[in-house]
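What the coordinates show
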Amino acid sequence: MGENSVYESCPMAGVPGRSNLIGMRGRRKGGLLARAYIPTEQPSLNKWTAVFLEHLAARAYSQGSIDAHRWALTQFVAWAEENKLIDPSAFTRATIESFQIHLHHYRSPRTHVALAVNTQLARLGCIRRFFAWLCRTGAIPANPAADLDLPRKSARLLPKALEAPEIERILALPNPADPFGLRDRAMLELFYATGIRRTEMANLDLGDYDAFRQVIMIRRGKGGKSRMLPVGERAAAWMTRFLAESRPLFDHLPQETALFLSGYGTRISPGSLGNWIKGLMKRCGIEMRGSCHLFRHACATDMHRGGADIRYVQEMLGHARLETTQIYTHVHIDALREVHARCHPHGRLDDTHDLYGRHGQVQPSGEDLSSKGAEESVDTFAEMVALSSRSLIGHDPVAEAAARRNERPNGDDPPSGDLPQTQPQRPKGGGPSASNPEMTPQTHAPNPRKIKDLGSGVTDYGY
């Protein structure tokens, strides 16, 4: 009996949907199983990296992050091809560790400088994300970089900042009478006034600057965050002059909306900004690593030195965490030096000390300072022991009683002329006697039961 006979014998034959019901027999709920991706030809490692970069773009990664991954994967693929590693499934943990050692021993062909630890961490992070994506897509059975031991992150060094005279020398280099010089002066003033990054400077559009409010909007900053910053009156004055006199001479491409344009009328790249400021620093004789970021450090340091709260400095720099901004608190050494000189006992030399920290006048150069200093230190120590002994022994009852008897009321004049002077009377039962040796005024000896050791400076009252 065929399928048609079964269909005809069914009491619901001819009802709409009956054919769909028969077709659902033996079919998995939720649809057919997805077929596994089986490429017609085994793709190379270079093709997999191109697909991975497209995946990052689809996930709305920033262009800077995509470029960083592209650069790291390009070096990794070049190293893999040198070692004849083309298939991604051929990589093991030992292979990834070999590439890690290669990064550790790598030297720049131009400067012969090793890669920084943070640079190695960034490159290895890109490789780990790449292999994790290959494992999720089923291109490789396991992730060889899952348990990779990364190098320890280096400690953050204190940032170097330009001093005020150095900044003034750099600002004075461009010629404001020239269109290029006026543009360059406006950019330098904006760098120092706001502390923005060079990428943020290159991404500024004409509508991001509000001349009336004297603020600038930073769009698409690091991490995709935006912020609004004041530019200050001095930078605003240079920006007003630049927009009125210089920028119209550069603006000959209608589709270009950048705030700062090159001589070709196109947007200035971040790399050209760094090379330009590095050249200015070299002309000023400033031998310091870094270029645009030095203005950023100078802005943060001078604001904190001027009394700005660290939270406002964090907002100016656009830091996501306060710990990143707190490093600028260690740069402010002037305030720490002032507090140390004011509060520490040896912070300053007063009039009673010489250059050797001793009391008195400066000794002649031919005098033996070592023996003299030793004698003075011994005398000073004996003097201190004597003073502490008097304060610890207590009061002399006989001397205090005599002082009270000789005391006169306030405002009384001393006896004068032929007026008789009253002699002090001996108190009854309070004079010196054999039964009360502690009251003897001639000896003034301390009670041995109260103080056991005065020579060593240790007092024991025997309580």
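Residues numbered from 1 in each chain as written. Predicted model: local features only at pLDDT ≥ 70, side-chain atom pairs only at ≥ 80, totals over all residues. Heavy atoms only, no water.

Turning to the side chain of Thr 95, a few remarks are in order. Checked against the element boundaries, Thr 95 lands in helix H5 (residues 93-105). The contact partners of Thr 95, leaving out residues within four places of it in the chain, are Trp 79, Leu 85 and Ala 90. (Helix = DSSP H or I, 4+ residues; strand = E, 2+ residues; numbered from the N terminus. Contact = heavy atoms within 4.5 Å.)

Taken as a whole, the protein shows an average pLDDT of 75; of its residues, 64% reach a score of 70 or greater. Looking across the protein, the model is least confident in helix H1 (residues 3-9), with a mean pLDDT of 47, and most confident in helix H8 (residues 179-194), with 93. Counting interchain partners and residues more than four positions distant, the pLDDT-below-50 stretch residues 429-463 has 26 contacts. (pLDDT = per-residue confidence, 0-100.)

Okay, the sheet that holds strand S1 (residues 209-210) next. Strands sit in the order S1-S2-S3 across an open sheet of three strands; the sheet is antiparallel. Bordering the open sheet on either side are S1 and strand S3 (227-230), each of which pairs with just one other strand. Where strand S2 (residues 215-218) meets S3, four bridges bridge the pair, whose relative direction is antiparallel. From the neighbouring strand, Ile 216 faces S3, where its bridge partner is Leu 229. (Pairing = 2+ DSSP bridges.)

Bringing a positive patch on the surface into the picture now. Taken together, Arg 110, Lys 160, Arg 198, Lys 278 and Arg 289 make up a surface patch of like positive charges. As for its position among the elements, Lys 278 is in helix H11 (residues 270-283). (Patch = residues over 30% accessible without salt bridge, like charges linked within 9 Å, V, L, I, M, F, W, Y side chains within 5 Å. Areas by Shrake-Rupley, 256 points an atom, 1.4 Å probe, with all protein chains shown as cover. Salt bridge = Lys/Arg side-chain N within 4 Å of Asp/Glu carboxyl O. Lys, Arg positive; Asp, Glu negative; His and termini not counted. Charge placed at Lys NZ, Arg CZ, Asp CG, Glu CD.)

This part takes up unusual backbone geometry. In the Ramachandran plot, Lys 84 falls in the positive-phi region, its phi being about 60° despite a non-glycine side chain. On the secondary structure map, Lys 84 appears in the loop between helix H4 (63-82) and H5. Located in the positive-phi region is Gln 214, a residue other than glycine, with phi close to 60°. With respect to the element layout, Gln 214 can be found in the loop between S1 and S2.

With that out of the way, let us pick up the packing of H5 against helix H6 (residues 117-137). Interaxial distance between H5 and H6 falls to 10 Å at its minimum, and their mutual angle equals 160°. It follows from the interaxial angle that H5 and H6 lie roughly antiparallel. Considering how the two elements wind past one another, H5 and H6 form a crossing that is right-handed. Between H5 and H6, the contacting residues are Ile 96, Phe 99, Gln 100, Leu 103 and His 104 on the first element and Gln 120, Arg 123, Leu 124, Ile 127 and Phe 131 on the second. Of the residues assigned to the contact of H5 with H6, the class counts are six nonpolar, three polar and one charged. (Axes fitted to C-alpha atoms, helices over the stretch in contact; angles between N-to-C directions. Parallel < 35°, antiparallel > 145°, perpendicular 65-115°, else oblique. Left-handed = near helix turned anticlockwise from the far one by under 90°. Nonpolar A, V, L, I, M, F, W, Y, C, P; charged D, E, K, R; others polar.)

Moving on, we get to the nonpolar core. Counting 40 residues, the largest nonpolar core has Ile 170, Met 201, Leu 204, Phe 260 and Leu 273 as its most contacted members. No other element matches the six residues that H8 contributes to this core. Ignoring anything within four residues of it in the chain, the contact list for Leu 204 reads Leu 190, Ile 196, Ile 216, Met 217, Ile 218, Ala 258, Leu 259, Phe 260 and Arg 267. Core analysis: the second largest hydrophobic core is formed by 26 residues, Leu 53, Ile 66, Leu 73 and Leu 124 among them. (Core = buried A, V, L, I, M, F, W, Y, C linked by side-chain atoms within 4.5 Å. Buried < 20%, exposed > 50% of the residue type's maximum accessible area, 1.4 Å probe, protein only.)

This next bit is on the environment of Leu 261. With respect to the helices and strands, Leu 261 occurs in the loop between helix H10 (232-250) and H11. The spacing of Leu 261 and Asp 251 is 10 residues in sequence and 7.4 Å in space, taken between C-alpha atoms. If near-sequence neighbours (up to four positions away) are discounted, Leu 261 is found in contact with Arg 183, Arg 247, Phe 250, Asp 251, Glu 256, Thr 266, Arg 267 and Ile 268.

Right, let's talk about H8 for a bit. When the terminal C-alpha atoms of H8 are compared, their 23 Å separation across 16 residues agrees well with the 22 Å that a helix rising 1.5 Å per residue should span. Of all 16 residues in H8, 12 are buried, a share of seventy percent or more. Along H8, the positions that sit buried rather than exposed are Gly 181, Leu 182, Arg 183, Asp 184, Arg 185, Ala 186, Met 187, Leu 188, Glu 189, Leu 190, Phe 191 and Thr 194. For H8, the N-terminal capping position is held by Asp 178, with its side-chain oxygen 2.9 Å away from the main-chain nitrogen of Phe 180. (Expected span 1.5 Å × (residues − 1). Polar contact = N/O pair within 3.5 Å; in protein donor to acceptor, adjacent residues only side chain to side chain.)

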